[in-house]
Amino acid sequence: MAESWSFLDAFEPNFRPLVVIELAKGTKEETLKWFTKRIVDKKANGGAQLLVKPLVTESGDENIYLVGASHLRLLLGAETVGLVKECNDNSMRTFTYSSRKTFKDFADDNHNFLTMAECQYIVKHELENLRAKDEKMIPGYPQAKLYPGKSIVRRLLTSGILVQIFPLHDREELKKLRQSWYGRVKVGYQPLDEIRCYFGETIALYFGFLEYFTFALIPMAVIGIPYYVFAWEDYDKYVMFATFNLLWSTVILEVWKRICAIMTYRWGTLLMKRQFEEPRSGFHGVLGINPVTGREEPVYSSIKRQIRIYLVSLPFVCLCLYFSLYVMMIYFDLEQWALDYHEENESNFSNLMLFVPSIIYAVVIEIMNRIYRYAAEFLTSWENHRLESSYQNHLILKVLVFNFLNCFASLFYIAFVLFDMKLLRQSLATLLITSQILNQFAESLLPYWLQKRHKKRTKKRISSLKTDTDLSLVEQVNLEKEMGTYFGTFDDYLELFLQFGYVSLFSCVYPLAAVFAVLNNITEIYSDALKMCRVYKRPFAEPTANIGVWQLAFETMSVISVVTNCMLIGMSPQVNALFPDSKMDLILTVALVEHLLLAIKFIMAFVIPDKPRDIQIKLARLEFESLEALKQQIFPLNKCFHRESGDHKR
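Residues numbered from 1 in each chain as written. Predicted model: local features only at pLDDT ≥ 70, side-chain atom pairs only at ≥ 80, totals over all residues. Heavy atoms only, no water.

Enquirer: For the environment of Ala 338, give the residues involved together with the corresponding values.
Expert: Relative to the helices and strands, Ala 338 is located in helix H9 (residues 302-344). Here Ala 338 falls in the buried class, since its relative accessible area comes to 0%. Ala 338 sits 15 residues away from Met 353 along the chain, and the two C-alpha atoms are 6.1 Å apart. When neighbours within four sequence positions are excluded, Ala 338 is seen to be in contact with Met 353, Leu 354 and Pro 357. (Helix = DSSP H or I, 4+ residues; strand = E, 2+ residues; numbered from the N terminus. Buried < 20%, exposed > 50% of the residue type's maximum accessible area, 1.4 Å probe, protein only. Contact = heavy atoms within 4.5 Å.)

Enquirer: Could you give an account of helix H2 (residues 71-81), with specific residues and numbers?
Expert: Of all the 11 residues making up H2, 9 are buried; the element is thus mostly covered by neighbouring parts of the structure. Among the residues of H2, His 71, Leu 72, Arg 73, Leu 74, Leu 75, Leu 76, Gly 77, Ala 78 and Val 81 are the ones counted as buried. As for H2, its buried residues are in contact with helix H3 (116-128). Taken from the residues just after H2, Gly 82 is the one with a positive phi, measuring 80°.

Enquirer: Go over the sheet that holds strand E3 (residues 64-68) with me, naming the residues and quoting the values.
Expert: Two orientations exist for strands paired in a sheet by backbone hydrogen bonds: parallel and antiparallel. Across the sheet, 4 strands lie side by side as E2-E3-E1-E8; this open sheet has antiparallel pairing. One side of each edge strand has no neighbouring strand; the edge strands of this open sheet are strand E2 (51-54) and strand E8 (162-167). Strand-to-strand, the axes of this sheet are offset by a mean angle of 20°, without reference to chain direction. When strand E1 (residues 19-23) meets E3, the two strands line up antiparallel, connected through 4 bridges. (Pairing = 2+ DSSP bridges. Axes fitted to C-alpha atoms, helices over the stretch in contact; angles between N-to-C directions.)

Enquirer: Talk me through empty space enclosed by the protein; I want residue IDs and the actual numbers.
Expert: Tallied over the full model, the rule gives 4 cavities of 30 Å³ or more. By volume, the second largest cavity is sized at about 100 Å³. Lining the second largest cavity are 16 residues, and of these Leu 83, Glu 118, Arg 196, Glu 201 and Pro 543 lie nearest its centre. Elements that contribute at least two residues to the lining of the second largest cavity include exactly H3 and helix H6 (192-199). The residue inventory of the lining of the second largest cavity, partitioned by class, reads 9 nonpolar, 4 polar and 3 charged. (1 Å grid on protein atoms, 1.4 Å probe; cavity = no way out; pocket = protein on both sides within 12 Å on 5 of 7 lines; lining within 4 Å. Points joined across faces, edges and corners; volume = space filled by probe spheres on them. Nonpolar A, V, L, I, M, F, W, Y, C, P; charged D, E, K, R; others polar.)

Enquirer: Quick one: what's the story with the UniProt feature "transmembrane region" (unreviewed entry) in the protein, residue by residue and with numbers?
Expert: As recorded in UniProt, the feature "transmembrane region" (unreviewed entry) lies at residues 212-232, 238-256, 309-332, 352-372, 395-416, 496-519 and 586-608. Taken end to end, residues 309-332 is 100% helix and 0% strand, and its two terminal C-alpha atoms sit 33 Å from one another. The distance separating the terminal C-alpha atoms of residues 586-608 is 32 Å; by composition the span is 96% helix and 0% strand. (UniProt positions renumbered as here; feature names shortened; annotations may be inferred.)

Here's what the structure looks like:
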């Protein structure tokens, strides 16, 4: 591929803007010239070999640039990042420029072979891999130090010179997507392939999981409605519901792995090889040599990091957990006060007052979760993790531990300390419904309303401009650069994780939990779609083969649900009647059943393959063909070596 760069022409008659770069106002002229030169320079000279064009407005400020690339440059970039595309024989293979004719729908004049999201991902990859050569600093900013191999874009961001980089929306494609996605209320599947083409695999997988989880909840909801109607106060009958819950929570997660494999194989990301992970932008330390790559980069002692984790972060998390439990005990004091008030003044008002403590506690839980999230992000960043994957794993662990205790500790306390099933049902219903309403308002309705207000103001300001530049493009860029930034699927998966906990842990005492979860998820699909298309800037596509660490989080929750439901079954009067004389026999029997169910769960997880048989065969065939191709390359070398050895002997 190295030979291909030499004939790559940077000229492109029809410039197509893909990515917007916004620099800080007042950025020095020498910085602008140096940075834009590095973007357009040839790869051999350390540039990105992209196209760049300033967005000139009436004010004359040149702090916004549009970045694009020639068709040939994008094809070579697709090979660099390892994109996988469908071949003419319907197999999926890693794209190479030399074998481009073998890929389906490829033609030299077909500029739609790569989706716009893939093109933007390639441009982002090339910009992030712009690295300093001999520069010691950013020109014009002596305090912004550079060293060989340092990412230029990351240094510009941390120095405040670069404000943001974001991909542009495609108005026509977005309009079509909105119409097929949420333009009309309908019963059916989401256009996941279209979502993937526009937003990338990470976003598409989230919506695929949200849709799948919603459908998976329907059996629980269907069983829960008559159970609620006919056995509301009869807790003896929740044994069957809890047993079904155990099997359901295991099967849906195993089936999802198979569905995920089918989708990601079709999209090509199941075959993408994981590249060597670069240091994250926030990582800092003393300049040293990476023993693996040989590059100069910051080096930070792992001992110092461990000290920060175990002597600062861990005690802080424990303190937060203690505070969460303290707030929980205040909630129980309020519950007791409301109950005493109801007993003294039985009226409609006192009936309503019984729900007030739970509602207040649900609101406090949401507030504490959000405050703790900021603290967890600060602490995890301060721990100075070298890799983004390590940073994400530590952040997710902190957030999940706190959210789990904060949301479910009161329910465990009510169930297994107070043994009050009526209060458990009331608390579960209030926490679930209140959290869903608050999340819908905070994540979708409020941002949409604020964005709509801002859009009106921006349109008035843009309409007053008089410029020769394409006004629609100026308007689009100015509107999009002020839109909120979508920070990923973390919060969305966290919401589903907590919902899964409410349904799988205690829904046998409140069967309508699954019903409310289904209703919430249906509205969540539409509100999240609206959020992605109308509220936030377009996120860069990120290839992924699965939902990552969240799969493990859901599986861990399902294991906890086995223990919880077994304990609830053991507490039921129906089961207690079987052991009238010995509570120890009851405890041992429940423990035995719990271990058997866990064994069945793990056996089911082992027996159900993660990938369907046809996908396994296709992957094995590709691996076999790769080995054969490698042998074909090695065989001529061996033959040549033996011929030279024979000549030498003669």
